[in-house]
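Each chain, written out:
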Amino acid sequence: MAEYLASIFGTEKDKVNCTFYFKIGACRHGETCTRIHNKPTLSQTIVLLGLYRSPAHTAQILDIGVGDSYSDRELQDHFDTFFEDVFVEIEDKYGEIDEMNVCDNLGEHLMGNVYIKFVNEADAAPCVKALNNRWYNGGPIKAELSPVTDFREACCRQYEMGECTRAGFCNFMHLKPISKDLRRNLYGRKIKALRRSPSPPSPSSSSSHHKKKRKKHKHKANHKLSGRLYM
């Protein structure tokens, strides 16, 4: 019996545990769900609930024509800026990121959720603890560990093929893509190697000069996030 229960855990045959929560880390029924939401105590992945506020979604909720307010280029630039801000801040302070995804769904349980999978599982829990004491864009960050480790299972395959009939209200993830250039910059192996392996110290004056440059660069990076992601 124990082997059978283990084999169906998180599948459609499991009548006790919530399949949707197990696969996507969210459920449209929330706390009223009749099945158990097994929240992990250890995971490589964290979720920042509703962190991204899309201008397109705001326009849809207010019944304003998106095209009347924003161009496609403006919407993509807005998202790319958000994605880079969060990615760089999290990776620089809490640990190397393996994958980061943002939901483009309209359902309340998925809208604006940011999923971050760390390379090292040990980085996830301290990050959640720290972020729950931080604010973003005028509101407190709500972070928790997520059971999602395989985004291929969590994503809507029909959406990826342009065939999802449920639009933004699908119960599987509709992931919003970032621009190709930004993806290359953030996930590029050379950049990651540079971050992990700073250049060796050079002789006195040159070393002092490099330190000043690094401090100046760090100040600029923090200034970029000023008033957005802060303690």
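Colleague: Is there a simple way to explain helix α5 (residues 72–94) in this structure?
Modeller: Working note: α-helix, 3.6 residues per turn, so residues spaced by three or four point in the same direction. Across its 23 residues, α5 extends 32 Å between first and last C-alpha, which sits within 8% of the 33 Å expected from 1.5 Å per residue. One or two residues past the end of α5 sits Gly-95, with phi positive at roughly 145°.

Colleague: Just to check I follow, could you spell out helix α6 (residues 124–131) for this structure?
Modeller: Looking at α6, one finds that the buried residues are Ala-124, Cys-127, Val-128 and Leu-131. The buried residues of α6 all sit within an arc of 100° when viewed along its axis, so they share a single face.

Colleague: Could you clarify how one ought to interpret the nonpolar core in this entry?
Modeller: It is characteristic of soluble globular proteins that their nonpolar side chains tend to be buried jointly. Counting 29 residues, the largest nonpolar core has Ile-46, Leu-48, Phe-83 and Ile-116 as the members making the most contacts within it. Broken down by secondary-structure element, the contributors of at least two residues to this core are β1 (45–48), α5, β2 (97–102), β3 (114–118), α6, β6 (143–146) and α9 (180–187). Those residues in contact with Leu-48 that lie beyond four places of it in its chain are Val-86, Gly-112, Asn-113, Val-114, Ile-116, Leu-131, Ile-141, Lys-142 and Ala-143. Membership of the second largest hydrophobic core comes to twelve residues, among which are Phe-151, Ala-154, Cys-155 and Met-173.

Colleague: Honestly, the packing of aromatic side chains in this entry has me stumped. Any pointers?
Modeller: Scanning the entire structure with this criterion turns up nine aromatic pairs. Their ring planes at 65° and their centres at 5.9 Å tell us that Phe-79 and Phe-83 sit as a pair that is edge-to-face. In this pair, Phe-79 and Phe-83 both sit in helix α5, four residues apart, roughly one turn of the helix. The exposure classification of Phe-79 matches that of Phe-83, with both residues buried. Geometrically, the ring pair formed by Phe-82 and Tyr-136 is edge-to-face, given 5.8 Å between the ring centres and 80° between the ring planes. You can see Phe-82 sitting in helix α5 and its partner Tyr-136 sitting in strand β4 (residues 135–136), a full 54 residues away along the chain. Each member of the pair Phe-82 and Tyr-136 is classed as buried. An aromatic cluster of at least three residues, connected via ring pairs, comprises Tyr-52, Phe-79, Phe-82, Phe-83, Phe-87, Tyr-136 and Tyr-187. When the ring centre of Phe-79 is taken as origin, the NZ or CZ atom of Lys-176, which lies over that ring, is 5.3 Å away.

Colleague: What is the right way to read the sheet that holds β1 from this model?
Modeller: In a beta sheet, neighbouring strands pair by backbone hydrogen bonds and run either parallel or antiparallel. Here we have four strands laid out as an open sheet, ordered β2-β3-β1-β6, and antiparallel in their pairing. Every other strand in the sheet has two partners, leaving β2 and β6 as the edge strands with one partner each. Geometrically, the sheet is characterised by an average inter-axis angle of 25° between neighbouring strands, direction not taken into account. One ladder, built from four bridges, connects β1 with β6; its direction is antiparallel. Bridge pairing links Leu-48 to Ala-143 in β6.

Thresholds applied
- Residues numbered from 1 in each chain as written.
- Predicted model: local features only at pLDDT ≥ 70, side-chain atom pairs only at ≥ 80, totals over all residues.
- Heavy atoms only, no water.
- Helix = DSSP H or I, 4+ residues; strand = E, 2+ residues; numbered from the N terminus.
- Expected span 1.5 Å × (residues − 1).
- Buried < 20%, exposed > 50% of the residue type's maximum accessible area, 1.4 Å probe, protein only.
- Arc of directions from axis to C-beta.
- Core = buried A, V, L, I, M, F, W, Y, C linked by side-chain atoms within 4.5 Å.
- Contact = heavy atoms within 4.5 Å.
- Phe/Tyr/Trp six-rings, centres within 6.5 Å; stacked < 30°, edge-to-face > 60°.
- Lys NZ or Arg CZ within 6 Å of the ring centre and 35° of its normal.
- Pairing = 2+ DSSP bridges.
- Axes fitted to C-alpha atoms, helices over the stretch in contact; angles between N-to-C directions.

Just geometry here; none of it tells us what the structure is for.
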